[in-house]
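# Survey of secondary and tertiary structure
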Amino acid sequence: MTTSAETPEAVTEAAPEAVTTAFPGTIPAAVRARVPVTLSRVRDRNADLVTFHHLPDPGEHFAVLVPAAPADTAPPLVRLHSECLTGDVLGSARCDCGPQLDEALRAIADHGGAVLYLRQEGRGIGLYNKLDTYVLQSQDHDTFAANRMIGRGDDERDYAAAAAMLHALGLTRIRLLTNNPDKVRELRTHGIEITEVIPTGVYVTAENSRYLSAKAELAGHTIALLQEAAA
């Protein structure tokens, strides 16, 4: 861990009132560091990257935090975004993760709030396993069946760490940007008040249309699919 002596400007512990948690009997999550950054992907907007102590799993999850304008009284906008190296970094057309991340960053740049970047690659099964399932999906198995065929669950993520992060940031009353009903249920279970659920856009391509259909039909995601995949 970097010490405060090495980077005194980066490390700011959360105020005591900001580190309550919805997990009785556990050590409350707390802010470890807040590092100011400029986001060139959203018109050079200033933001903070926030890391945490005492999250309920070992993942190095972090938040991208943008303050709202003083006149904006709406609850902050929050997106729980699971890491997707292939989509977020490389721009793979096999999923909609990269466009969803860009949408979320634009929205919080405009309205204030947070993107929680959760290190849960491949719905929690990891990068190598995810790429193994891509082979099976190419053989006409849907994304959930492919997970089961390699001995993994349909979706191994949980959102306890995300809820702990929100408690540590004092963001316990939010608007949630998501199509995934599991995120809504789990955050509410962990004491987060969601005043509005805002669906993300639909980013369909010729390569991901079956994947999006499976999420809508088999997992209940609120995705209004286009009739034709983009060329």
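Residues numbered from 1 in each chain as written. Predicted model: local features only at pLDDT ≥ 70, side-chain atom pairs only at ≥ 80, totals over all residues. Heavy atoms only, no water.

Each helix and strand in the protein chain was counted, giving eight helices and seven strands. Across the 231 residues of the protein chain, 44% fall into the buried class. Counting only contacts in the protein chain whose residues sit at least 6 apart along the sequence, the fraction spanning at least 24 positions is 60%. Surface accessibility of the protein chain: about 11,600 Å² in total, with carbon and sulfur atoms responsible for 54%. (Helix = DSSP H or I, 4+ residues; strand = E, 2+ residues; numbered from the N terminus. Buried < 20%, exposed > 50% of the residue type's maximum accessible area, 1.4 Å probe, protein only. Contact = heavy atoms within 4.5 Å. Areas by Shrake-Rupley, 256 points an atom, 1.4 Å probe, with all protein chains shown as cover.)

This paragraph deals with the nonpolar core. Core analysis: the largest hydrophobic core is formed by 27 residues, its most contacted members being F52, L80, L116, I174 and L187. It is helix α6 (residues 160-169) that provides the largest number of residues to this core, a total of seven residues. Discounting residues that sit within four places of it in the chain, L187 has contacts with L80, Y159, A162, A163, L166, I174, L176, I192 and I194. Residues V64, V66, A109 and L177 belong to the second largest nonpolar core, which totals 15 residues. (Core = buried A, V, L, I, M, F, W, Y, C linked by side-chain atoms within 4.5 Å.)

With that settled, consider a nonpolar patch on the surface. A contiguous nonpolar patch, built from L85, V89 and L90 and spanning about 300 Å² of accessible area, is present on the exposed surface. Locating L85 in the fold gives a position in helix α1 (residues 85-89). For L85, a relative accessible area of 36% translates into the label partly exposed. (Patch = residues over 30% accessible without salt bridge, like charges linked within 9 Å, V, L, I, M, F, W, Y side chains within 5 Å. Salt bridge = Lys/Arg side-chain N within 4 Å of Asp/Glu carboxyl O.)

If you add up the space inside the largest pocket, you get close to 260 Å³. Lining the largest pocket are 14 residues; nearest its centre among them are R41, F62, V64, L101 and L105. For the lining of the largest pocket, the secondary-structure elements that each account for two or more residues are β1 (30-39), β3 (62-66), α1, α2 (97-111) and β5 (113-118). When grouped by side-chain class, the residues that make up the lining of the largest pocket number 11 nonpolar, one polar and two charged. Estimates place the volume of the second largest pocket at around 190 Å³. Together, R32, T51, F52, H53, H54, L55, P58, G59, E60, H61, F62 and R119 line the second largest pocket. If one sorts the elements of the lining of the second largest pocket by residue count, strand β2 (residues 45-53) sits on top with three residues. (1 Å grid on protein atoms, 1.4 Å probe; cavity = no way out; pocket = protein on both sides within 12 Å on 5 of 7 lines; lining within 4 Å. Points joined across faces, edges and corners; volume = space filled by probe spheres on them. Nonpolar A, V, L, I, M, F, W, Y, C, P; charged D, E, K, R; others polar.)

Taking strand neighbours across the sheet as the criterion, the seven strands line up as β1-β2-β3-β5-β4-β6-β7 in an open arrangement whose pairing is mixed. Each edge of the open sheet carries a strand with a single partner, namely β1 and β7 (193-198). Each strand of the sheet is rotated relative to its neighbour by a mean of 25 degrees, with strand direction disregarded. In terms of strand pairing, strand β4 (residues 77-82) meets strand β6 (residues 173-177) through two bridges, oriented parallel. Residue pairing across strands places V78 opposite L176, the latter belonging to β6. Each of β1, β2, β3, β4, β5 and β6 is contacted by α6, which is oriented at about 145 degrees to β5, the strand it contacts most. (Pairing = 2+ DSSP bridges. Axes fitted to C-alpha atoms, helices over the stretch in contact; angles between N-to-C directions.)

Looking now at the pairing of β5. The side chains of a regular strand alternate, first on one face of the sheet and then on the other. A large share of β5 lies buried, amounting to six of its six residues. Across the two faces of β5 the burial is the same, with G113, V115 and Y117 and A114, L116 and L118 all buried. Two strands pair when backbone bridges link them, and β3 and β5 are joined in this way by five bridges, in the antiparallel orientation. Within β5, the position partnered with A63 by the bridge is L116. Note that β4 and β5 share six bridges and pair parallel. Across the sheet, S82 pairs through a bridge with L118, a residue of β5.

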